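Take a look at the letters that make up each chain.
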Amino acid sequence: MKRKYASEVSLDVVTSKSQEEIFCNLEQFSELTSWIRNIRKNIEEMQQSVGTPSFHYNDKAIREKVEKKMDQSLDLCRQIYASIKRLQDELEQETDKRGTVLFRIKHTQFLVIKDDYLSAYREHEEFVNYYEEKIKKLMKMEAMAMNCNITDDEASQMLANNQVSPFVGNILEETERERQKLRDIMARHSQLVQLEKSLVEIRDLFVRISTLVMEQGSLVQVIEYHAQQALLNADHGAHQLEKAREYKIKAMKKKTWLLIWVIVALVVLILLMIVF
């Protein structure tokens with residue numbers, strides 16, 4: 001009775017620990033799901049802001065609101081990526097738990113969250129490209145209306161420098177001296193803005209590359225799984241072949257003894273016939 005009671009207490013402790021770990025994992029995945037939902041909510045709000053026909057890139061309030069949402073989404077993407085990377089490292093370290101139900105639950109939740117994050121990240125990237133292309137298109141249309149022609153690179157430069165009304169200044173400038181001062185100031189400002197943009201692009205490029213590496217990691221895991229299954233099947237086949245060989249040896253022994261007994265019986269029968 002004492003042994004039975006001790007085993008029951010040990011089982012209760014293990015069950016309690018497993019439940020605590022499950023609830024802890026659920027909290028982590030719920031937080032990640034909430035972050036992903038916020039990214040999609042930001043995308044929807046930004047689409048509503050810039051999707052109306054009345055939207056113009058000179059509307060500073062809307063642009064600031066949209067770009068603030070973009071920064072929030074990028075911050076969430078970095079946090080989600082860091083969390084997913086940490087969970088992936090934890091799963092790789094838990095090699096002794098791969099066959100447990102708890103590990104399979106955690107691994108399944110991890111794959112679902114990772115796929116959802118990758119999908120949300122692609123949606124964010126698509127909106128950023130759409131937003132920048134729409135701003136450049138509006139800039140080119142305004143330039144044509146004022147008898148100016150600008151290229152896509154010039155429009156991109158104006159967008160990077162956050163120039164709200166790039167074509168109005170030409171009308172207001174009165175003297176060459178003031179124009180030169182303005183050019184010098186804008187040149188220095190453009191250099192600083194370009195440097196800041198380059199740093200942001202490098203940061204975003206790192207997140208994009210890390211995301212692509214994460215996508216390829218899923219394929220590697222699938223290949224590794226099939227390789228392990230092939231190895232297990234090969235071991236099982238070798239075991240079956242060994243059992244078949246043992247059965248064959250036993251059958252040969254039985255046939256040999258049976259043949260010996262038949263020969264002995266025939267010899268005895270022949271001797272009896274000779275004697276009688």
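Residues numbered from 1 in each chain as written. Predicted model: local features only at pLDDT ≥ 70, side-chain atom pairs only at ≥ 80, totals over all residues. Heavy atoms only, no water.

The subject of this paragraph is the packing of aromatic side chains. Counted according to the given criterion, the structure contains three aromatic pairs. Relative to Tyr-121, the ring of Tyr-117 has its centre 6.1 Å away and its plane inclined at 45°; by these criteria the two rings are tilted. Residue Tyr-117 and its partner Tyr-121 are located together in helix H3 (residues 101-145), separated by four residues, close to a single helical turn. The same class applies to Tyr-117 as to Tyr-121, namely buried. (Phe/Tyr/Trp six-rings, centres within 6.5 Å; stacked < 30°, edge-to-face > 60°. Helix = DSSP H or I, 4+ residues; strand = E, 2+ residues; numbered from the N terminus. Buried < 20%, exposed > 50% of the residue type's maximum accessible area, 1.4 Å probe, protein only.)

Right, let's talk about the side chain of Ser-83 for a bit. Mapped onto the elements of the fold, Ser-83 is located in helix H2 (residues 60-93). Among all residues touching Ser-83, those that are not within four sequence positions of it are Leu-32 and Trp-35. (Contact = heavy atoms within 4.5 Å.)

Topologically, Lys-106 is positioned in helix H3. Classification of Lys-106 as buried rests on a relative accessible area of 5%. There is a polar contact of 3.2 Å between the side chain of Lys-106 and the side chain of Glu-90. Apart from residues no more than four positions distant in its own chain, Lys-106 is found in contact with Asn-25, Phe-29, Leu-87, Glu-90, Leu-91 and Glu-94. (Polar contact = N/O pair within 3.5 Å; in protein donor to acceptor, adjacent residues only side chain to side chain.)

A separate point is the pattern of salt bridges. Scanning the entire structure with this criterion turns up 10 salt bridges. In this structure, the salt-bridge partner of Glu-45 is Lys-69, at a minimum N-O distance of 2.8 Å. Taken together, the positions of Glu-45 in helix H1 (residues 2-50) and Lys-69 in helix H2 put the pair 24 residues apart, joining distant regions of the chain. (Salt bridge = Lys/Arg side-chain N within 4 Å of Asp/Glu carboxyl O.)

Counting through the fold element by element, Gln-88 comes out in helix H2. In sequence terms Gln-88 and His-107 are 19 residues apart; their C-alpha atoms lie 8.8 Å from each other. For Gln-88, the contacting residues outside a window of four places in its chain are Phe-110 and Gln-221.

In this structure, Ile-80, Tyr-117, Phe-127 and Tyr-131 are the most contacted members of the largest nonpolar core, which totals 33 residues. Elements with a minimum of two residues in this core: H1, H2, H3 and helix H6 (176-275). When residues in this core are grouped by element, the largest group, 13 residues, is from H3. If we ignore the near neighbours within four places in the chain, the residues touching Tyr-131 are Val-50, Phe-55, Arg-63, Val-66, Glu-67 and Met-70. (Core = buried A, V, L, I, M, F, W, Y, C linked by side-chain atoms within 4.5 Å.)

Turning our attention to a nonpolar patch on the surface. Taken together, the side chains of Leu-258, Leu-259, Val-262, Ile-263, Leu-266, Val-267, Leu-269, Ile-270, Leu-271, Met-273 and Ile-274 present a nonpolar region at the surface, about 1100 Å² in accessible area. Looking at where Val-267 falls in the secondary structure, it is placed in helix H6. For Val-267, a relative accessible area of 43% corresponds to the partly exposed category. (Patch = residues over 30% accessible without salt bridge, like charges linked within 9 Å, V, L, I, M, F, W, Y side chains within 5 Å. Areas by Shrake-Rupley, 256 points an atom, 1.4 Å probe, with all protein chains shown as cover.)

Before going further, it helps to examine the confidence of the model for the protein chain. Averaged over all residues, the pLDDT of the protein chain equals 77, while 78% of them reach at least 70. Mean pLDDT across the elements of the protein chain ranges from a minimum in helix H5 (residues 169-172), with 47, to a maximum in H2, with 88. In this model residues 1-14 is a low-confidence stretch, pLDDT under 50, and it forms zero contacts with partners more than four residues away in sequence or in other chains. Segment residues 168-174 is flagged for pLDDT under 50; beyond a separation of four residues in sequence, or across chains, it makes four contacts in the model. (pLDDT = per-residue confidence, 0-100.)

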